[in-house]
Amino acid sequence: MNLREFADELSSDSPAPGGGSVASLAGALAAGLAAMVSNLTAGKKGYEAHRELMLRVGVDGQRLKDEFLYDIDRDTDAFNEVMAAMKLPKKTDEEKAARAAAMEAANKGATLVPLGVLQRCVPALELAREMARHGNRNSISDAGVGGLMGRAAAEGAYYNVLINLKSLEDKAFVKQTRTAADAAVAHANTLADEIAALVKEELNK
């Protein structure tokens, strides 16, 4: 789908794509903006000292952007797996047991996708922070928007982790995943706060 088709499908009564895919898209936008600022900085007069950094951010930003874009479909696919498991027969005890196992596996998959998005937001925000620190000053607002998108992606993915954890019976998995998600969202928000402070300081000069 192109962007309009995605937005149209999103706004319909179809449950997927939904918030998880939107969080992934926000991550792609964050990484894409970091790459853009790096490309607008590398080779520019006055930024020679940061050329190697800009080249690295450009490559890493493109890679992360692509991963987030894949996550849009991964999230929808994971949701569809949950829906498929829910439709399994449950008349006999054996069918009920098989359905419960399928539901547990599908819900774990639906939890791990947004957890991956959330954890990927940390390096994306680190790139945006480097652009806020050292990127082309004419593009400082772009680095700032990258930070905002990275925060939205992280918080949105975090919400999706939490709602999927509520459906799981495996308490050890729930605890381990919640710990990882809490740490990642805290790190992401710290980075986003740093980016916002850097951008506002520059814009208010």
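For the structure, check the block above.
Residues numbered from 1 in each chain as written. Predicted model: local features only at pLDDT ≥ 70, side-chain atom pairs only at ≥ 80, totals over all residues. Heavy atoms only, no water.

### Points about the pattern of salt bridges
For the structure on display, the rule yields 14 salt bridges. Put simply, D193 and R151 hold a salt bridge, and the shortest N to O gap is 2.7 Å. In this pair, D193 sits in helix α6 (residues 171-203) while R151 sits in helix α5 (residues 140-165), placing the two residues 42 residues apart along the sequence. One salt-bridge network, held together by shared partners, links E67, D71, R74 and R120. (Salt bridge = Lys/Arg side-chain N within 4 Å of Asp/Glu carboxyl O. Helix = DSSP H or I, 4+ residues; strand = E, 2+ residues; numbered from the N terminus.)

### With respect to the nonpolar core
For soluble globular proteins, nonpolar side chains are generally found buried alongside one another. Counting 39 residues, the largest nonpolar core has F68, L118 and M131 as its most contacted members. Elements supplying a minimum of two residues to this core: α2 (19-41), α3 (51-86), α4 (93-134), α5 and α6. If we ignore the near neighbours within four places in the chain, the residues touching F68 are S24, G27, A28, A31, V117, R120, C121 and A124. (Core = buried A, V, L, I, M, F, W, Y, C linked by side-chain atoms within 4.5 Å. Buried < 20%, exposed > 50% of the residue type's maximum accessible area, 1.4 Å probe, protein only. Contact = heavy atoms within 4.5 Å.)

### Focus on the side chain of S139
Assignment of secondary structure puts S139 in the loop between α4 and α5. Under the relative-accessibility criterion, S139 is labelled buried at 5%. When neighbours within four sequence positions are excluded, S139 is seen to be in contact with V37 and L40.

### Things to note about the packing of aromatic side chains
Under the counting rule described, the total for this entry stands at 0 aromatic pairs. For K108, the ring lying beneath its charged end belongs to F173, and the centroid distance is 5.1 Å. (Phe/Tyr/Trp six-rings, centres within 6.5 Å; stacked < 30°, edge-to-face > 60°. Lys NZ or Arg CZ within 6 Å of the ring centre and 35° of its normal.)

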